[in-house]
There are 2 protein chains.
Amino acid sequence: MLLFWRSTTIFTRKLVKIQIIQIGKYKNDNYRELADEFEKRLSAFADVSVTTLKGADGALPRERIIEDESRMLLGALEKVGGGGGFLVVLDDAGKQFDSVGFSEFLGKRKDNGDGVIFVIGGAFGLTDELKGKADLALSLSKMTFTHQMVRPLLMEQIYRGFCILNGKEYHY
Amino acid sequence: MLLFWRSTTIFTRKLVKIQIIQIGKYKNDNYRELADEFEKRLSAFADVSVTTLKGADGALPRERIIEDESRMLLGALEKVGGGGGFLVVLDDAGKQFDSVGFSEFLGKRKDNGDGVIFVIGGAFGLTDELKGKADLALSLSKMTFTHQMVRPLLMEQIYRGFCILNGKEYHY
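First, a word on what this report is: a plain description of the structure on this page. All values derive from a computational prediction rather than experimental measurement.

### Regarding the overall build of chain A
Working step 1: What chain A contains, in helices and strands, is six helices and five strands.
Working step 2: The N-to-C order of helical and strand elements in chain A reads α-β-α-β-α-β-α-β-α-β-α.
Working step 3: Residues classed as buried in chain A amount to 50% of the 172 residues present.
Working step 4: Look at the contacts in chain A between residues 6 or more apart in sequence, and 85% of them connect residues 24 or more apart.

If you want it as structure tokens, here you go:
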């Protein structure tokens, strides 16, 4: 009976789905390796997936890059979103949380059975059209960070959030 | 005459002194490599130096680690500070700037001829005594970031600040 109970527990444990869609290849392996490390740790708590799209042609004018990249992201969202996930765009001017508040946000999504889709734009950001589709604009800081740095930062904060929710001590 | 004017310009150009004192060895080379990269770029604008102190014994109780590490940092400050620099401690609960505001802060220090000393504590933070000695408590975010991640982040923001002051385009 104990064996049966255990296996049932394993099969019914449904992890919340966390999807990250980001644009522009990594310019530096350090960002990738840090993001990968936190993604691996996060996978204990969430069904996490990351999609990295190739960015727009860097020789194009700034406005055109924003438009092209936002269109690519919208295309990817149609594929992966499937209408179910809570859509968060990263935006300097968005809502700020402290880490406990962010963990509560993640906990609510989990309780509602929603997945969360995070979109990280490129160096010049996103169109208003794409921002308008989001359920939440999230700001990690009043300061402008590079979009490459935002990737490990966000992954670490999601991991930290789930550590807080699960009462797991985590200090660095 | 032109040659003479040029050499004078070179010898009288005095770079503002930026000192960073941080505690705890790097746990991961990715943080170090990113911080080093931005330090190298920053050295075009500032006379930058970084001192990394060995952290307290990790087996000690949390409060004891905070006390020990703050004492080590105070000792290092006495050595390097020399009474001249403007002292900034990194603290989640401190003042937030946007990147332009932070560049203005750096510009003011430069105009005043002050150096700036930034102190980044360890995983558990700093004593109130050390915080009380600071001219400014600076928060990079409402969120809690790892003290290791704060190193490249801060270096990048200082570099970004000097790029803004010097009208140098910089997008990532």
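### Let's talk about the interface of chain B and chain A
Interface size is often expressed as the accessible area that is lost when the parts come together.
Working step 1: With 35 residues of chain B at the interface, the matching set in chain A holds 35 residues.
Working step 2: Counting the surface lost from both chain B and chain A, the interface buries some 3100 Å², and carbon and sulfur atoms represent 62% of this.
Working step 3: Where chain B packs against chain A, one counts zero salt bridges.
Working step 4: Listing elements by their share of the side of chain B that touches chain A, those giving two or more residues are helix H2 (29-42), helix H4 (99-112) and helix H6 (147-165) of chain B.

### Some points on the packing of aromatic side chains
All names here are of chain B.
Working step 1: Taken as a whole and assessed by the stated rule, the structure comprises 17 aromatic pairs over all chains.
Working step 2: Between Phe38 and Tyr159, the ring centres sit 6.4 Å apart and the planes meet at 40 degrees, which makes this aromatic pair tilted. Of the two residues, Phe38 sits in helix H2 while Tyr159 sits in helix H6, which places them 121 residues apart along the sequence. Like Tyr159, Phe38 is buried.
Working step 3: Relative to Phe105, the ring of Phe86 has its centre 5.5 Å away and its plane inclined at 65 degrees; by these criteria the two rings are edge-to-face. Placement of Phe86 in strand E3 (residues 86-96) and of Phe105 in helix H4 is noted, with a sequence separation of 19 residues between them. The exposure classification of Phe86 matches that of Phe105, with both residues buried.

### Looking at the sheet that holds strand E5 (residues 136-139) of chain A
Residues and elements named next belong to chain A.
Working step 1: In spatial order, the strands read E2-E1-E4-E3-E5; together these five strands make up an open sheet with parallel pairing. With partners counted over all chains shown, the strands left at the sheet margins are strand E2 (46-53) and E5, one partner each. Averaged over all pairs of adjacent strands, the angle between strand axes in this sheet comes to 30 degrees, irrespective of strand direction.
Working step 2: Here strand E1 (residues 16-23) runs beside strand E4 (residues 116-120); their pairing, made up of five bridges, is parallel. Bridge assignment links Ile18 to a residue of E4, and that residue is Val116.
Working step 3: Across the sheet, helix H4 (residues 99-111) is in contact with E1, strand E3 (86-96), E4 and E5; its angle to E4 comes to roughly 135 degrees.
Working step 4: On top of the sheet, helix H6 (residues 147-165) reaches E1, E2, E3, E4 and E5; it is set at about 170 degrees to E1, its chief contact.

### Some points on the relation of the copies chain B and chain A
The two chain copies are related to each other by a rotation about an axis together with a translation along it.
Working step 1: Superposing chain B onto chain A takes a rotation of 180 degrees combined with a translation of 0.0 Å along the rotation axis, leaving an RMSD of 0.0 Å. Both copies of the chain, as the preceding transformation shows, are related through a two-fold rotation axis.
Working step 2: Mapped onto chain A, 100% of the interface residues of chain B again fall at the interface, so both copies present the same surface.

### Let's talk about the environment of Ile23(B)
Residues and elements named next belong to chain B.
Working step 1: Within the fold, Ile23 resides in strand E1 (residues 16-23).
Working step 2: On the basis of relative accessibility, which here comes to 0%, the residue Ile23 falls in the buried class.
Working step 3: As for Ile23 and Gly55, which are separated by 32 residues in sequence, their C-alpha atoms are 5.4 Å apart.
Working step 4: The residues contacting Ile23, other than those within four sequence positions of it, are Leu53, Lys54, Gly55, Glu69, Met72, Leu73, Ile120, Gly121, Gly122, His147 and Arg151.

### Observations concerning the environment of Gly101(B)
Residues and elements named next belong to chain B.
Working step 1: One can find Gly101 in helix H4.
Working step 2: Here Gly101 falls in the buried class, since its relative accessible area comes to 18%.
Working step 3: Between the C-alpha atom of Gly101 and that of Gly161, which follows or precedes it by 60 residues, the distance is 8.5 Å.

### Digging into the packing of H4(A) against H6(A)
Residues and elements named next belong to chain A.
Working step 1: As a packed pair, H4 and H6 sit with axes 8 Å apart at the nearest point and diverge in direction by 75 degrees. Considered as vectors, H4 and H6 are oriented roughly perpendicular to each other. Contact residues: Ser99, Val100, Phe102, Ser103, Leu106, Gly107 and Lys110 in H4; Leu154, Gln157, Ile158, Arg160, Gly161, Phe162, Ile164 and Leu165 in H6.

### Some points on the nonpolar core
Working step 1: If you look at the biggest cluster of nonpolar residues, it comprises 74 residues, and the most contacted ones within it are Phe118(A) and Phe118(B).
Working step 2: Every residue in contact with Phe118(B), bar those within four places of it in the chain, is listed here: Ile18(B), Gln19(B), Ile20(B), Ile21(B), Val88(B), Leu90(B), Phe102(B), Leu106(B), Leu138(B), Leu154(B) and Ile158(B).

### A look at the pattern of salt bridges
Working step 1: Per the counting criterion, the structure on display carries 14 salt bridges over all chains.
Working step 2: Among the charged side chains, a salt-bridge network with shared partners connects Arg64(A), Asp68(A) and Arg71(A).

Here is what the cut-offs are and how they apply
Residues numbered from 1 in each chain as written. Chains lettered and ligands numbered in written order. Predicted model: local features only at pLDDT ≥ 70, side-chain atom pairs only at ≥ 80, totals over all residues. Heavy atoms only, no water. Helix = DSSP H or I, 4+ residues; strand = E, 2+ residues; numbered from the N terminus. Buried < 20%, exposed > 50% of the residue type's maximum accessible area, 1.4 Å probe, protein only. Contact = heavy atoms within 4.5 Å. Buried area = accessible area lost by both parts, 1.4 Å probe. Salt bridge = Lys/Arg side-chain N within 4 Å of Asp/Glu carboxyl O. Phe/Tyr/Trp six-rings, centres within 6.5 Å; stacked < 30°, edge-to-face > 60°. Pairing = 2+ DSSP bridges. Axes fitted to C-alpha atoms, helices over the stretch in contact; angles between N-to-C directions. Least-squares fit on C-alpha atoms with pLDDT ≥ 70 in both. Parallel < 35°, antiparallel > 145°, perpendicular 65-115°, else oblique. Core = buried A, V, L, I, M, F, W, Y, C linked by side-chain atoms within 4.5 Å.

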